[in-house]
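Coordinates in review
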Amino acid sequence: MGIGAGRIKMAAAAAILAGLPAGEGWAANGAYAVDAADISEVGSCKIESWLSAASNTDFSAVANPSCVVDPFKPVELSMNMNRARSDGEWSNTFAPKAKTNIVPTGVGRLGFSFYAAGSFDALTGENLTAFAVVPATLRLNETMRINVNGGWLWDRSVDRHYLLYGIGFDWKFTDTLQWTIEAFGQAGQSDTPSVVRPRFQTGVRYRPNEIFSVDLIYGRNITGENANWITLGTTIRFPVPGGKPAHERTGHL
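A quick note: this is a predicted structure, and the numbers were derived from the prediction, not measured.

We now examine the overall build of the protein chain. Counting its regular elements, the protein chain contains one helix and twelve strands. For the protein chain, the succession of helices and strands along the chain, N to C, is α-β-β-β-β-β-β-β-β-β-β-β-β. Residue burial in the protein chain is summarised as follows: out of 253 residues, 50% are buried. Long-range pairs, those at least 24 residues apart, make up 51% of the contacts in the protein chain between residues at least 6 apart in sequence. When the accessible area of the protein chain is evaluated, it comes to approximately 10500 Å², of which 66% is carbon and sulfur surface.

What follows covers the nonpolar core. Ranked by size, the top nonpolar core spans eight residues in total: Tyr-115, Ala-117, Phe-131, Val-133, Leu-153, Tyr-162, Leu-164 and Val-195. Counting only elements with at least two residues in this core, the list comes to strand E5 (110–121), strand E6 (127–139) and strand E8 (160–172). The contact partners of Tyr-162, leaving out residues within four places of it in the chain, are Gly-151, Trp-152, Leu-153, Asp-155, Gln-186, Ala-187, Gly-188, Gln-189, Ser-190, Val-195 and Val-196. Formed by seven residues, the second largest nonpolar core is a distinct cluster that contains Val-34, Phe-184, Ile-222 and Trp-229.

It is worth spelling out the packing of aromatic side chains at this point. In total, this model carries five aromatic pairs according to the counting rule given. Where Phe-94 meets Phe-120, the ring centres are 5.7 Å apart and the plane angle is 85 degrees; that geometry is what we call edge-to-face. Here Phe-94, found in strand E4 (residues 89–103), pairs with Phe-120, found in strand E5; they are 26 residues apart in sequence, far enough to count as distant. Looking at Phe-94, the relative accessible area reads 30%, which means it is partly exposed. The ring of Tyr-115 has Lys-97 lying over it, and the distance from NZ or CZ to the ring centre is 4.3 Å. The cationic tip of Arg-156 hangs over the ring face of Trp-154; the distance from NZ or CZ to the ring centre is 4.7 Å.

This paragraph deals with the confidence of the model for the protein chain. The predicted model of the protein chain averages 84 in pLDDT, with 83% of residues at 70 or higher. Looking at the elements of the protein chain, mean pLDDT is at its lowest for helix H1 (residues 3–18), recorded as 46, and at its highest for strand E10 (residues 199–206), recorded as 96. For residues 1–12, every residue scores under 50 in pLDDT, and the model assigns this stretch 24 contacts once sequence neighbours within four places are set aside. Every residue in residues 14–28 scores below 50 in pLDDT, and together they form 88 contacts with partners more than four places removed in sequence or on other chains.

Our next topic: the sheet that holds E8. Taken together, the twelve strands give a closed barrel; going around it, the order is E1-E2-E3-E4-E5-E6-E7-E8-E9-E10-E11-E12, and neighbouring strands pair in antiparallel fashion. Adjacent strand axes in the sheet meet at a mean angle of 20 degrees when their direction is disregarded. Sheet topology note: the strand E2 (residues 59–69)/strand E3 (residues 75–86) ladder contains nine bridges and is antiparallel. Looking across to E3, one finds that Val-69 is bridged to Val-75.

Calculation rules
- Residues numbered from 1 in each chain as written.
- Predicted model: local features only at pLDDT ≥ 70, side-chain atom pairs only at ≥ 80, totals over all residues.
- Heavy atoms only, no water.
- Helix = DSSP H or I, 4+ residues; strand = E, 2+ residues; numbered from the N terminus.
- Buried < 20%, exposed > 50% of the residue type's maximum accessible area, 1.4 Å probe, protein only.
- Contact = heavy atoms within 4.5 Å.
- Areas by Shrake-Rupley, 256 points an atom, 1.4 Å probe, with all protein chains shown as cover.
- Core = buried A, V, L, I, M, F, W, Y, C linked by side-chain atoms within 4.5 Å.
- Phe/Tyr/Trp six-rings, centres within 6.5 Å; stacked < 30°, edge-to-face > 60°.
- Lys NZ or Arg CZ within 6 Å of the ring centre and 35° of its normal.
- pLDDT = per-residue confidence, 0-100.
- Pairing = 2+ DSSP bridges.
- Axes fitted to C-alpha atoms, helices over the stretch in contact; angles between N-to-C directions.

Right, dumping it as structure tokens:
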């Protein structure tokens, strides 16, 4: 692999592993890539974390704290911190993100939000990527929904632009279990075909209460390589001051 191809791969890994969209409550979130349109109540906070290991020995360890504030309208602010190994090389990236809801979701009604984010190398301070995404969510009923994402990514390391896309389906099939399946990726010109190859994930979330949940996820081709991924993730939610625990309050799944 040449230097240029290596930089493309590391930038793509930063965009996908360090900049994975984080939703909330029953949203496709944490290690899932396709975001939902909802955000939580102002004052709520959570810490998402996950470990991902691939059959080609690639690895990622992520922590993603977030809180919802209201400077002029509710905005979810998060900071994704990723320690990753790709092709035997280690990297440390930070990815700050801001997300706000534009049109609330509801059963039979399409909702929209918008988020902007970027990633940079934690050691050198080099800006790696910048991206903006519009998540849309259609709730089919109280237990099923479809999430569709479209956006733009700028790979600053090679000065190339990509179209981001994703579609996912969530089904809360018991009071404590949710199944998610999603496909996502980026389209555009690349010297490395794997950078624009579609990606896939599916997994089950166990949420015994409003505070804690755990995810077990199988993924394919997550950072552009032909590899199988296993991810174990957790989310810890913190109560809104004077209110209920942080969770998605815009409706049931």
